[in-house]
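Fold and contact review
Take a look at the letters that make up each chain.
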Amino acid sequence: MNDVVVASSASDSEAVEAVKQHHAHMAGTLAGLVDRVLDATDDATALRARDALVRWAEGDLVPHARAEEAAMYPLAHADERAGLLVEAMLAEHVLIVGLVGRLAAAPDHVHAAAEARALAVTFDSHLAKENDQILPLLAGKPDVSLSAALAGMHELLGGHEHSHDPDHGHDEHGDAGDRREAAPTSAAEPAPGGGCGGACACGESDGADYPELDARDVPHAIRHATIFGALDGVEPGGGLVLVAPHDPLPFLRQLEGRAPGAFTVEYLERGPEAWRLQLVRG
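Cut-offs and rules
Residues numbered from 1 in each chain as written. Predicted model: local features only at pLDDT ≥ 70, side-chain atom pairs only at ≥ 80, totals over all residues. Heavy atoms only, no water. Helix = DSSP H or I, 4+ residues; strand = E, 2+ residues; numbered from the N terminus. Buried < 20%, exposed > 50% of the residue type's maximum accessible area, 1.4 Å probe, protein only. Contact = heavy atoms within 4.5 Å. Areas by Shrake-Rupley, 256 points an atom, 1.4 Å probe, with all protein chains shown as cover. Phe/Tyr/Trp six-rings, centres within 6.5 Å; stacked < 30°, edge-to-face > 60°. Polar contact = N/O pair within 3.5 Å; in protein donor to acceptor, adjacent residues only side chain to side chain. Axes fitted to C-alpha atoms, helices over the stretch in contact; angles between N-to-C directions. Parallel < 35°, antiparallel > 145°, perpendicular 65-115°, else oblique. Nonpolar A, V, L, I, M, F, W, Y, C, P; charged D, E, K, R; others polar. Core = buried A, V, L, I, M, F, W, Y, C linked by side-chain atoms within 4.5 Å.

Check the secondary structure of the protein chain and you find 10 helices and 4 strands. Expressed as a percentage of the 282 residues in the protein chain, the buried residues total 49%. Considering only contacts within the protein chain whose residues lie at least 6 apart along the sequence, 75% involve residues at least 24 apart. On the protein chain, roughly 12600 Å² of surface is accessible, and the fraction owed to carbon and sulfur atoms is 54%.

What follows covers the packing of aromatic side chains. In this structure the tally under the stated criterion is 1 aromatic pair. Aromatic pair F228 and F251: ring centres 5.0 Å apart, planes at 35°, arrangement tilted. Of this pair, F228 sits in helix α9 (residues 223-232) while F251 sits in helix α10 (residues 249-258), and the two are 23 residues apart along the sequence. Judged by its relative accessible area of 1%, F228 falls in the buried class. The class for F251 is buried, based on a relative accessible area of 2%.

Quick look at the environment of E92 now. Mapped onto the fold, E92 is located in helix α4 (residues 83-104). Relative accessible area serves as the criterion here: at 17%, E92 is assigned to the buried category. Considering only alpha carbons, one finds E92 and H126, 34 residues apart in sequence, at a separation of 7.2 Å. Apart from residues no more than four positions distant in its own chain, E92 is found in contact with S125, H126 and K129. Here K129 takes part through its side chain, which lies 2.8 Å from a polar atom of the side chain of E92.

So, on to the packing of helix α1 (residues 10-39) against helix α5 (residues 109-139). One way to put it is that α1 packs onto α5 with a least axis distance of 10 Å and a crossing angle of 170°. By the angle between their directions, the pair α1 and α5 is classed as roughly antiparallel. Among the residues making up the contact of α1 with α5, the classes are represented as 17 nonpolar, 3 polar and 4 charged.

This part takes up the environment of H111. With respect to the helices and strands, the residue H111 is situated in helix α5. For the pair formed by H111 and A46, sequence separation is 65 residues and the distance between their alpha carbons is 9.8 Å.

Ranked by internal contacts, the top residues of the largest apolar core, which has 24 residues, are L30, V37, L53, W56, L61, L119 and F123. Elements that contribute at least two residues to this core include exactly α1, α2 (43-71), α4 and α5. When residues no more than four places from it in sequence are discounted, the contact partners of V37 are A46, A49, R50, L53, H109, A112, A113 and A116. Of all hydrophobic cores here, the second largest spans 21 residues; its members include V16, A76, L85 and L138.

Right, dumping it as structure tokens:
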């Protein structure tokens, strides 16, 4: 998902980037919602998490698939090199919709966890083929305007995942000193006392039992979109533990600008190898 795509026009290159960012946002949301199902300790908690996952899938994931079938797949299918691939992608859409239906009917924790995990694995594989095969194919065709075909399609382009990201396209490790001088947002004030904010060496809290997202494993180009997607799946009172390769002050400023006051942030660890932050939705 981090490969360079050679497009036939600047507008098509921008369209590819927008779709990839939206894919990353969706993958982050799905991962967070699935983790809630898998981490549940009883049927009642699992079924509430299942219902949240089904609502998102029916409201975002399935419409995304239908939009692809309407806008992207016909263009790709017209190319003889991609005919069989598109047919396989359509079959995966049928599988994804079926998994959502089976998830909605799951009667208990065990069945809900199985269907949720299957949905996550299928969607991850599906996105890889779209990002690595379908999008490069369409972007490289001079007789196809991908940007025109996708114009106005929020289901495919998203629209908010990286529009608030002033650091998009830049090395997050660069200008580290300048970034640390800037004051963090109100939702991201460091823990008082000047300590590590909760690192184990200080003997402070190691955080509630929230799902953990290790951003170090996410390609830089889609990192913020993936984290925002995961946070969008967090319900009031829930949280997420974010592991970052550096102090994520630029991201925290973006988060406050995107959702003012929505999350409280506590540092659990402050480097040097990793920064761990607990983000809880109020």
